[in-house]
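Overview (structure and organization)
The residues making up each chain are set out below.
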Amino acid sequence: MVIHENHFFKIIKNDGKVYLQTQKPGFMLKDFETVVRQNPRIKLTNFALLKKGLNEVSDSPVEIGIWLPSIVIEISRDKMSASLFVYETAEYIKDNVQSIQKRVQKLLAEANIIHGILNVNLENIVTAKATLIAQGTPPVKGEDAQIIYLELPERKPVIREDGKADYYDMNFIYEIEEGEWLGEKIHAQPGIPGMNVCGESIPAPWGSDLPLKYDHKSAFEVEEDGKTVLRSKISGVVEEHEGMVSVNHHLPIVGDVGIETGNIEFNGSVSIKGTVQPGFSVVANGDISIEHPEGVSGAKLIKSLDGDIFIRGGIFGLGETRVEAGGDIFVKHVNDAHLVAGRNLNIGFYSLGSNLSAHSVLVDERKGKIIGGTVIAKSTIVTACSGNRLERPTELIINSINKAQSLETIQYKASLLKSMQEDIVELETQIERILPVIHTLTQRQLEALELSKQKLASNKETALNVDREIKQLMSDLRKDNKAEIHVMKEAYPGTYIQIGKKSTVLTSITNGRFLIENGELNV
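Figured I'd write up the structure that's included with this text. (Residues numbered from 1 in each chain as written. Predicted model: local features only at pLDDT ≥ 70, side-chain atom pairs only at ≥ 80, totals over all residues. Heavy atoms only, no water.)

**Examining the overall build of the protein chain**
- Each helix and strand counted, the protein chain has six helices and 40 strands in total.
- Scaling as 2.2 N^0.38, a compact globule of 523 residues should have a C-alpha radius of gyration of about 24 Å, whereas the protein chain reaches 40 Å, well beyond that.
- Over its C-alpha atoms, taken along the principal directions, the protein chain stretches across nearly 120 × 75 × 55 Å.
- Looking at the protein chain as a whole, 41% of its 523 residues qualify as buried.
- Taking the contacts inside the protein chain whose residues are at least 6 apart along the sequence as the reference set, 42% of them involve residues at least 24 apart.
- Counting only carbon and sulfur atoms, one obtains 51% of the accessible surface of the protein chain, whose full area is about 29,000 Å².
- Each charge class in the protein chain was averaged separately, 58 positive and 70 negative side chains, and the resulting centres sit 7 Å apart. (Helix = DSSP H or I, 4+ residues; strand = E, 2+ residues; numbered from the N terminus. Rg over C-alpha atoms; globule rule 2.2 N^0.38 Å. Buried < 20%, exposed > 50% of the residue type's maximum accessible area, 1.4 Å probe, protein only. Contact = heavy atoms within 4.5 Å. Areas by Shrake-Rupley, 256 points an atom, 1.4 Å probe, with all protein chains shown as cover. Lys, Arg positive; Asp, Glu negative; His and termini not counted. Charge placed at Lys NZ, Arg CZ, Asp CG, Glu CD.)

**Remarks on the environment of Glu 88**
- By secondary structure assignment, the location of Glu 88 is in the loop between β7 (81-86) and α3 (90-95).
- Overall, the relative accessible area of 12% leaves Glu 88 in the buried class.
- For Glu 88 and Arg 389, which are 301 residues apart along the polypeptide, the C-alpha to C-alpha distance reads 94 Å.
- Among residues more than four places away in sequence, those in contact with Glu 88 are Pro 40, Arg 41, Ser 70, Ile 93 and Thr 127.
- Here Ser 70 takes part through its side chain, which lies 2.7 Å from a polar atom of the side chain of Glu 88. (Polar contact = N/O pair within 3.5 Å; in protein donor to acceptor, adjacent residues only side chain to side chain.)

**A word on the sheet that holds strand β17 (residues 227-232)**
- Spatially, β9-β13-β17-β16 is the arrangement adopted by the four strands of the open sheet, whose pairing is antiparallel. The open sheet has two free edges, formed respectively by β9 (146-149) and β16 (219-224), since each of these has just one partner strand. Neighbouring strand axes in the sheet, compared pairwise and without regard to direction, differ in orientation by 20° on average.
- Two strands pair when backbone bridges link them, and β16 and β17 are joined in this way by six bridges, in the antiparallel orientation. Within β17, the residue paired with Ala 219 across the bridge is Ser 232. (Pairing = 2+ DSSP bridges. Axes fitted to C-alpha atoms, helices over the stretch in contact; angles between N-to-C directions.)

**Re helix α2 (residues 47-54)**
- Residues Leu 50, Gly 53 and Leu 54 constitute the buried set of α2. Considered in projection along α2, the buried side chains sweep an arc of 95° and stay on one side of the axis. In α2, the exposed positions angled more than 90 degrees off the buried face are occupied by Ala 48 and Lys 51.
- Among the structural elements, β2 (9-14), β3 (17-22), α1 (32-38), β4 (42-44) and β5 (62-67) are those in contact with the buried residues of α2. (Arc of directions from axis to C-beta.)

**Description of the sheet that holds strand β12 (residues 175-176)**
- Reading across from one edge, β12-β18-β19 is the order of the three strands in this open sheet, with antiparallel pairing throughout. In this open sheet, the two strands that pair with only one neighbour each are β12 and β19 (244-248).
- Of the pairings in the sheet, the one linking strand β18 (residues 236-241) to β19 comprises five bridges and is antiparallel in character. Its bridge partner lying in β19, Val 237 is registered against Asn 248.

**A short note on the environment of Arg 444**
- Note that Arg 444 resides in helix α6 (residues 443-478).
- For Arg 444, a relative accessible area of 71% gives the class exposed.
- In the structure, Arg 444 is positioned 412 residues away from Phe 32 in sequence and 105 Å away in space, judged by C-alpha atoms.

**What about the environment of Asn 263?**
- Structurally, Asn 263 can be placed in the loop between β20 (250-253) and β21 (264-266).
- Asn 263 gets classed as exposed once you look at its relative accessible area, which sits at 51%.
- Expressed as a C-alpha distance, the spacing of Asn 263 and Ser 99, which sit 164 residues apart in the sequence, is 99 Å.
- In this structure Asn 263 touches Gly 279, Phe 280 and Ser 281, once residues within four positions along its chain are discounted.
- A polar contact is formed between the side chain of Asn 263 and the backbone nitrogen of Ser 281, at a distance of 2.8 Å.

**Some points on a negative patch on the surface**
- On the surface, Glu 175, Glu 177, Glu 178 and Glu 180 cluster together into a negatively charged patch.
- Judged by its relative accessible area of 49%, Glu 177 is partly exposed. (Patch = residues over 30% accessible without salt bridge, like charges linked within 9 Å, V, L, I, M, F, W, Y side chains within 5 Å. Salt bridge = Lys/Arg side-chain N within 4 Å of Asp/Glu carboxyl O.)

**Some details on the pattern of salt bridges**
- Throughout the structure, instances matching the rule amount to 17 salt bridges.
- Residue Lys 185 pairs with Asp 209 through a salt bridge whose shortest N-O separation is 3.1 Å. A residue pair is termed long-range when its members are at least 10 positions apart, and Lys 185 in strand β13 (residues 181-186) and Asp 209 in the loop between β15 (201-202) and β16 qualify at 24 residues.
- For Asp 209, a relative accessible area of 53% puts it in the exposed group.
- In this structure, Glu 324 engages Lys 303 in a salt bridge whose closest nitrogen and oxygen atoms are separated by 3.7 Å. With Glu 324 in strand β29 (residues 322-325) and Lys 303 in strand β26 (residues 301-304), this residue pair connects regions lying 21 residues apart in the sequence.
- Each of Lys 303, Arg 322 and Glu 324 takes part in one network of salt bridges that share partners.

Treat this as a map of the structure, not an account of what it does.
Quick look at the structure:
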């Protein structure tokens, strides 16, 4: 069947294919586009043959394309939409709206499209352009799980002035009884199913689950009223470290740590209503709180392996006192002592002749003073004043984290920890194998078993310390703070400022933010 003819060629349709029979060469290829526009059902598939055919008289027709259906409905691969294509001229569409509408309905039924069919104004359809004719209903994801934890008071010291006395207060110890509520999880909810254009149901994804983060030795989960509730296994002090809730055993000491109590070592948190007397020590895994308003004087060691330390009064170190915390240290003032904090060291009033080390050292920016001694931080040092009018030497140093070196250290320690853990498992297996026949062992064998137990305990302690070191290094790497020393009011001559490898000694009173700018210290 001839569908187009002129002096140059005939276009013939036969069995769904389109052929070109050239009678006279010379028809321009660019002008052939007009013929195609007049016949939208032609889809060219072989431009090389078309170009050649227009320039050569042909004895027999040459296949150049296919003959498209008048109306096509295409369903997307996921069956979530269907598109209508009309391969007719705009005039034809406008003159045959009702006829096209009936054929569209028939095609929808044949394609089993029964859901989300849209009302389409056929008069606005553009020839050969996709028009959305049906849209599926997507599934709706369920609500994510919701986690709520017991809200702990913020650990932020408050300096109060009451005429005669200065008070350095904060919410530090939060006690809880066994079985008390620590948090809860409202479970993820099912979603709302969807439906594709063929009426097939589409399952909806559940909301994302979230875990309750807690120390399994001190807390437990229980299902209550359709929720997972977190409760305390023990009575103690609630703590939160890096998003994980735990309850530490709590040792309250009503008076002082001294001759009556001896040195304190405790696997938990310690709160002391009095002070730590000269020469005595307190070492704990958790937080340590010393409530005496005058603080401590001449204590030997106050150390929290994993927690924070709060000393309501000051520290008179007498060159003997050392205070170490895996987390933060909060103290009113420091005289002639050595303080080390894994995170921040917070001082309410002043530091005099002391050595301080932390990720950040923060002395009250309104009245705080650092006079004498050495302060070393990884990120930030803040104070109102440094040094004094007598030009007492005072060192403020930022040792920025070497990321490449830290990563190398983490990898080495992780490898070491893995090896240690393998040794621990092997020792535990050996001991477990012996225990059922312990009654048959000789005295020498019993002594060897005891040595193995001691070695196991020692290996576990060492592995715990290495793991703690890895976590601290990783925590330091995550804190991408800009290294700077901020003296709000007065930095006196004699103040030594160092950031990285750049350093200077001040020769006149100044203030401001000291940092590295364009490779140099901006002093």
